[in-house]
Amino acid sequence: MSLEAVMYAVNVRREGNTLVTLDQTLLPNVTEYLNLTTAEEMWEAIYSLRVRGAPAIGIFAGYAMAILAKQIPAPDFDTFYQDCTRLSDYLNSSRPTAVNLSCMLRRMDAVVQANKDKAHEELLAALDVEAKAIHDEDIAMCRKISEYGLSLLKDGDGVITHCNAGPIATSRYGTAQGPFYLSKEAGMNIHVYVDETRPLLQGARLTSYELTKAGVPCTLICDNMASLVMKQGKVQAVFFGCDRIARNGDVANKIGSSGLAIIANHYGIPVYSLGPSTTIDFNCPTGEQIPIEERPHSEIKELFYEKPMALPEVQCYNPAFDVTDHSLLAGIVTEQGIAYPPFSESFAKLFPEEMKNV
Ligand code: MRU
């Protein structure tokens, strides 16, 4: 696989009335696409992380609603709208933390309402257009984020990343990983340290896979090795993605991100979160209000092991995300530019309309 093949990978796409998505749970060993047509299959694909990464879930949700809307009987608008809302709420219940899911479902809902008085076929066509627009916008946003992110790096830098924010988690380029591909394209020498990302191993299974296939130099480490790697001077920046950003700059991302940021601050290494502005929840004042998904204990004790690695009666706690306090971040990289602290001020400059409306 070439750099271009990885950067331009399309992992969520629509083929007629089927939603096609790469089953990310099978990587790196098996590349298999799923053909989904029912709401239950789509819900399961999000819940089980077959499709994952905040932007990819948003894109997936847009196509899902466009496809499912065609299956709803529509004797009149109100009956149709009730069923649409039920399906949208159902998909939204699959994962609570990444705001892109609810944000894109709301966008699709707004299209339904705006086309209330049109012929039903026209309404369905408008949903198709919106779903495609969500996808296209994400591609453009990822490109800009990657360019801004690259401007923070210099030749020879080492960067540590957590979880997976590459093309697999978006549509193209990725967010936090995008700068690494562009650095390769530009002939720069950037070395990426990839946290394996316990417990679901997105770093090991997905990020190191994507970077290796693209020929970007990378080294896989266990999450608890980050401090040593930083102390040894191998890392000049931390780049990770985001699932929801509060108005004050607090960032929810994969569990472990906050700890990584605390360690990096100890060593004076700048920490950047990279993501599209659709991940900023302008209605959310601080990280305190961000819902944190909890997942099954089997992910800690059993998954990826040949035999369970803890007694059945051992209690576990498995939060899937944590919130990095805004005070730990050197910047938040969006497609509109890089927001620097204080974030409420820089967000007001970059996103005047959104900040005015809260
Ligand atoms: O649980 P996941 O794998 O969906 O978590 C994903 C992350 O935390 C990513 O960093 C985030 O969604 C950004 S993806 C561009």
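The structure reproduced in this document is the subject of the present report. (Residues numbered from 1 in each chain as written. Predicted model: local features only at pLDDT ≥ 70, side-chain atom pairs only at ≥ 80, totals over all residues. Heavy atoms only, no water.)

## A word on the sheet that holds strand β1 (residues 12-15)
Reasoning step 1: Overall, antiparallel pairing links the three strands, which are arranged β1-β2-β3 in an open sheet. Every interior strand has two partners, whereas the edge strands, β1 and β3 (33-36), have only one. Taken over all neighbouring pairs, the strand axes of this sheet differ in orientation by 25° on average, direction set aside.
Reasoning step 2: Across four bridges, the pairing between strand β2 (residues 18-22) and β3 is antiparallel. (Pairing = 2+ DSSP bridges. Helix = DSSP H or I, 4+ residues; strand = E, 2+ residues; numbered from the N terminus. Axes fitted to C-alpha atoms, helices over the stretch in contact; angles between N-to-C directions.)

## A word on the pattern of salt bridges
Reasoning step 1: For the coordinates displayed, the defined rule picks out 17 salt bridges.
Reasoning step 2: With a shortest N-O distance of 3.7 Å, R86 and D83 are connected by a salt bridge. Placement of both R86 and D83 in helix α4 (residues 77-92) is noted, with a separation of three residues, approximately one turn of the helix.
Reasoning step 3: Across the salt bridge formed by E353 and K356, the nearest N and O atoms sit 3.2 Å from each other. Linking E353 with K356, this pair stays in helix α13 (residues 352-356), spanning three residues, or about one helical turn.
Reasoning step 4: The exposure class assigned to E353 is partly exposed, which follows from its relative accessible area of 46%.
Reasoning step 5: By sharing partners, the salt bridges in this structure join R95, E293, R295 and E299 into a single network. (Salt bridge = Lys/Arg side-chain N within 4 Å of Asp/Glu carboxyl O. Buried < 20%, exposed > 50% of the residue type's maximum accessible area, 1.4 Å probe, protein only.)

## A few points about the environment of A339
Reasoning step 1: With respect to the secondary-structure elements, A339 resides in strand β13 (residues 337-339).
Reasoning step 2: Those residues in contact with A339 that sit more than four places away from it in its chain are G331, I332, S346, F347 and L350. (Contact = heavy atoms within 4.5 Å.)

## A short note on the nonpolar core
Reasoning step 1: Ranked by internal contacts, the top residues of the largest apolar core, which has 40 residues, are L19, M42, F60, F80 and L127.
Reasoning step 2: Where this core is concerned, the elements lending two or more residues are β3, α2 (39-47), α3 (54-69), α4, α5 (99-114) and α6 (120-150).
Reasoning step 3: In terms of residue count, α3 provides more of this core than any other element does, twelve residues in total.
Reasoning step 4: Those residues in contact with L19 that sit more than four places away from it in its chain are V12, R13, L34, N35, L36, M42, F60, Y63, A64 and I67. (Core = buried A, V, L, I, M, F, W, Y, C linked by side-chain atoms within 4.5 Å.)

## Points about unusual backbone geometry
Reasoning step 1: Cis geometry is adopted by the peptide bond preceding P28, which originates at L27 and carries an omega value of 10°.
Reasoning step 2: Position of P28 relative to the elements: it lies in the loop between β2 and β3.
Reasoning step 3: Across the junction of P341 and P342, the peptide omega takes the value -5°, indicating a cis bond.
Reasoning step 4: Examined against the element boundaries, P342 turns out to sit in the loop between β13 and α12 (343-350).

## Remarks on the packing of aromatic side chains
One pair of aromatic rings is described through two measures. These are the centre distance and the angle between the planes.
Reasoning step 1: For the structure shown, the criterion picks out nine aromatic pairs.
Reasoning step 2: For the pair F239 and Y272, a centre-to-centre distance of 5.8 Å together with 90° between the ring planes defines the contact as edge-to-face. With F239 in strand β7 (residues 237-240) and Y272 in strand β10 (residues 271-274), the pair connects residues that are 33 residues apart, well separated along the chain.
Reasoning step 3: Three or more aromatic residues joined by ring pairs form one cluster here, namely F282, F343, F347 and F351. (Phe/Tyr/Trp six-rings, centres within 6.5 Å; stacked < 30°, edge-to-face > 60°.)

## Notes on the pairing of strand β9 (residues 251-254)
Reasoning step 1: Where strand β8 (residues 244-245) lies against β9, two bridges are found, and the strand directions are antiparallel. The residue bridging I245 from the neighbouring strand is V251, located in β9.
Reasoning step 2: With antiparallel pairing between neighbouring strands as the criterion, β8 and β9 make up a hairpin whose turn holds five residues, including G249 at a positive phi of roughly 95°.
Reasoning step 3: Judged from the four bridges that link them, β9 and strand β11 (residues 321-324) form a sheet pairing that is antiparallel. Its bridge partner lying in β11, K254 is registered against F321.

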